[in-house]
Amino acid sequence: MRMYDIIRKKRDGKELSDEEIGFFIDGYTGGAIPDYQASALLMAICLEGMTDRETAALTLRMAESGDMIDLTGIEGCTVDKHSTGGVGDKTTLITAPIVAALGGKVAKMSGRGLGHTGGTVDKLESIEGFRTSLSPEEFIDQVNRIGLSVTGQSGNLAPADKKLYALRDVTATVDSIPLIASSIMSKKLAAGSRGIVLDVKTGSGAFMKTQKDAELLAEKMVTIGRAAGRNVTAVITDMDAPLGRSIGNSLEVKEAVEALRGKGGSDLMTVSCELAAEMMMFVSGKPKQECLIDVKRAIADGSALAKLREMTAAQGGNAEWIDDTDLFPKAEFSLDIISPADGYISHMDAEMIGTASVLLGAGRNKKDEPIDHSAGIILRAKTGDAVKKGDVTATLYTNDKSRLEPARKEYSRAIEYSDHPAERHPAIYSIIK
Ligand code: URA
């Protein structure tokens, strides 16, 4: 078999066999196939697409390229969630403790921020002492003890995806539905949970800009997961504006704690409760409405917040910071964004707002760059809100004063105003089972 023939076959719009897909994944992961040939095939896949059979074969081969985590040692129903990436998306910090408080077993491996999107591992590391690299034994033991652990990905989880993702990032081959579906599902299958709830984002801050594409991606991922014997549901949610009121690591942890105290904003609470209820349907087998009631009870009676506190302490974090979020260090510098006129916010470009937050230091421009955990943005007005000339619509935070002006420019470019009220998007568009 030759890589040249596989590239030519896909270039000509033909279907690759399982053997050809396996040859590519094994050869590229092992170093026998060079980047230039892998890039050519990725571009051919972007342009010609893949059948469902090819996408499933690619996913399984990528999942099996490294460790397949065995969670069978965990008693009870293991359930995971995954977001396709967004701005201000702190739902893992809310849903995972809720589900664990209700008896689910959440063994979750999360990522760091990517491009303009944030990552749960970076958020958790803003809590003093919080450890995000647990050994597999510590991870499984903690889930058995308290029902919940959120850690970074083990070094050898789907290494084929790790290598291919880095290549896609620099060859304009990220936004392809079969490549995104196989990338996400290979990691989820390797991570071992029986139930998987996917939060597929759509809008200006998401990889999928239209609802139609988000639904297509969701359908592919659900089909792949089911074929691999897992329970999978996808929720299509809005990412045309950032989720909630805060962007940036410690700011988002603080907002998640407020949400678990029952004081979250409506978009954040709607999405978080929906995801948690879908996860609970796998755990309890109850109908959706009953799961939603259970989810709201776990917030109201404080058990979900207590679970976040318990996880923080179990992973070496200072749990007092959860009790009193004023203990999080504050950024030294801040700058208010002022409304230039009376009117309404008609559109927010969530990707540009995510980029403004990276410019403040909350994310990375290069892999492994250190981040400023207290940098970020508090949104004081969002799409659809009325504003008056001179109102503060957002506040930027950073510990590096020179970052304020570039971030202000980017944030200001992201906001459109109009003199009549704009339609607000629903928080949830559809559910794919
Ligand atoms: N998130 C992933 O893990 N992979 C993709 O390809 C896109 C988003």
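Per chain, residues are indexed from 1 in the order of the written sequence. Predicted model: local features are reported for residues with pLDDT of at least 70 only, side-chain atom pairs are reported and counted for 80 or more only, and whole-chain, interface and lining totals are derived from all residues. Side-chain measures were taken over the full set of non-hydrogen atoms in the model, leaving aside hydrogen atoms and water.

A cavity, in this analysis, means grid points on a 1 Å lattice covering only the protein atoms where a 1.4 Å probe fits yet has no way out; a pocket is instead an open set bounded by protein on both sides within 12 Å along at least five of seven lines, and a residue lines either one if it has an atom within 4 Å of a point. Grid points are joined across faces, edges and corners, and a volume is the space filled by probe spheres set on the points. In this structure the tally under the stated criterion is two cavities of 30 Å³ or more. The space that makes up the largest cavity amounts to roughly 140 Å³. Lining the largest cavity are 20 residues, and of these T117, G118, S357, A362 and G363 sit closest to its centre. Comment: elements are numbered from the N terminus, with helices defined as DSSP H or I runs of at least four residues and strands as E runs of at least two. Put simply, the parts of the chain that give the lining of the largest cavity at least two residues each are α11 (249-260) and α16 (350-359). Among the residues making up the lining of the largest cavity, the classes are represented as five nonpolar, 12 polar and three charged. Domain ranges listed in this record stem from an automatic or a database domain assignment. Here the lining of the largest cavity spans two domains, and each of domain 2 (79-157 + 171-323) and domain 3 (330-418) adds at least three residues to it. Quantified by volume, the second largest cavity comes out at close to 30 Å³. Along the walls of the second largest cavity sit L42, M62, D161, L164, R168, L179 and S182, which together make up its complete lining. Under this grouping Gly is polar, as are all residues other than the nonpolar Ala, Val, Leu, Ile, Met, Phe, Trp, Tyr, Cys and Pro and the charged Asp, Glu, Lys and Arg.

To continue, consider the sheet that holds strand β5 (residues 231-238). Being paired, for any two strands, means DSSP has found at least two bridges between them. Strands sit in the order β1-β4-β5-β13 across an open sheet of four strands; the sheet is mixed. Looking along the sheet, the strands with just one partner apiece sit at the ends: β1 (79-83) and β13 (428-432). Taking the axes of each pair of neighbouring strands and ignoring which way they run, one obtains an average angle of 15° across the sheet. Whether two residues are in contact is decided by their heavy atoms, any of which lying within 4.5 Å being enough. Lines fitted to C-alpha atoms define the axes, with helix axes restricted to the stretch in contact, and inter-axis angles between N-to-C directions lie between 0 and 180 degrees. Across the face of the sheet, helix α9 (residues 177-191) comes into contact with β1 and β4 (195-202) while running at roughly 160° to β1.

What follows covers the domain arrangement of the chain. Size of an interface: often given as the accessible area lost when the parts come together. Along its sequence, the chain is carved into domain 1 (3-49), domain 2 (79-157 + 171-323) and domain 3 (330-418). The straight-line distance from the C-alpha centre of domain 1 to that of domain 3 is 41 Å.

Turning to the site of the ligand, a few remarks are in order. Nearness of a residue to a molecule or strand requires only that one of the residue's heavy atoms be within 4 Å of it. Around the ligand sit Y165, R168, I180, S183, I184, K187 and F207, and that is every residue in its neighbourhood. Throughout this description, a polar contact denotes any pair of N or O atoms lying within 3.5 Å of each other; where both atoms belong to protein, one of them has to be capable of donating a hydrogen while the other can accept it, and for residues adjacent in sequence the pair is counted only when both atoms sit in side chains. R168 is positioned such that a nitrogen or oxygen atom in its side chain is 3.0 Å from an oxygen atom of the ligand. Here an oxygen atom of the ligand and a side-chain polar atom of K187 are 2.4 Å apart. Values of accessible area rely on a 1.4 Å probe in the Shrake-Rupley scheme; residue burial ignores everything except the protein chains shown. Here the ligand loses 93% of its free accessible area of 240 Å² to cover by the protein chains. Counting residues per element, the shell around the ligand draws most heavily on α9, which supplies four residues. When its residues are assigned to classes, the shell around the ligand shows four nonpolar, one polar and two charged.

The aromatic pairing rule takes the rings of Phe, Tyr and Trp, using the six-membered ring of Trp, and pairs them if the centres are within 6.5 Å, calling planes under 30 degrees apart stacked, those over 60 edge-to-face and the rest tilted. A complete count under the given rule lists two aromatic pairs for this structure. For the pair F24 and Y28, a centre-to-centre distance of 6.3 Å together with 20° between the ring planes defines the contact as stacked. Pair noted here: F24 and Y28 are both in helix α2 (residues 18-30), with a separation of four residues, about one helical turn. Each residue is assigned to one of three classes by its accessible area relative to the maximum for its type, calculated with a 1.4 Å probe on protein chains only: buried under 20%, partly exposed between the two thresholds, exposed over 50%. Under the relative-accessibility criterion, F24 is labelled buried at 3%.

Each reported salt bridge corresponds to a side-chain nitrogen of Lys or Arg within 4 Å of a carboxyl oxygen of Asp or Glu. A complete count under the given rule lists 37 salt bridges for this structure. Of the charged contacts in the structure, one is a salt bridge between E252 and K123, with a shortest N-O distance of 2.8 Å. Within this pair, whereas E252 is found in helix α11, its partner K123 is found in helix α6 (residues 120-124), the two being separated by 129 residues in sequence. Taking relative accessible area as the criterion, K123 reaches 3% and is therefore assigned buried. Connected via shared salt-bridge partners are R112, D122, E125 and R364.

The next thing to look at is the nonpolar core. Throughout this description, the term nonpolar core refers to a set of buried Ala, Val, Leu, Ile, Met, Phe, Trp, Tyr and Cys residues connected via side-chain atoms within 4.5 Å. Counting residues in each nonpolar core, the largest one holds 70 residues, and the members touching the most others are I98, M311, M348, I353, I377, L396 and Y411. Each of domain 2 (79-157 + 171-323) and domain 3 (330-418) accounts for three or more of the residues forming this core. Excluding anything up to four places from it in sequence, Y411 contacts I337, M348, I353, A356, I377, L379, T393, A394 and L396.

So, about the environment of L396. One can find L396 in strand β11 (residues 392-398). When sequence neighbours within four positions are dropped, the list of residues in contact with L396 reads F333, S334, L335, I337, L360, G376, I377, L404, A407, R408 and Y411.

If a probe the size of a water molecule is rolled over the atoms, the empty space left behind becomes visible. Counted as a void, the second largest pocket has a volume near 400 Å³. As for the second largest pocket, its lining consists of 20 residues, and the residues nearest its centre are D267, K382, T383, R424 and H425. At four residues, the largest contribution of residues to the lining of the second largest pocket is made by helix α12 (residues 266-284). Considered class by class, the residues forming the lining of the second largest pocket number seven nonpolar, five polar and eight charged.

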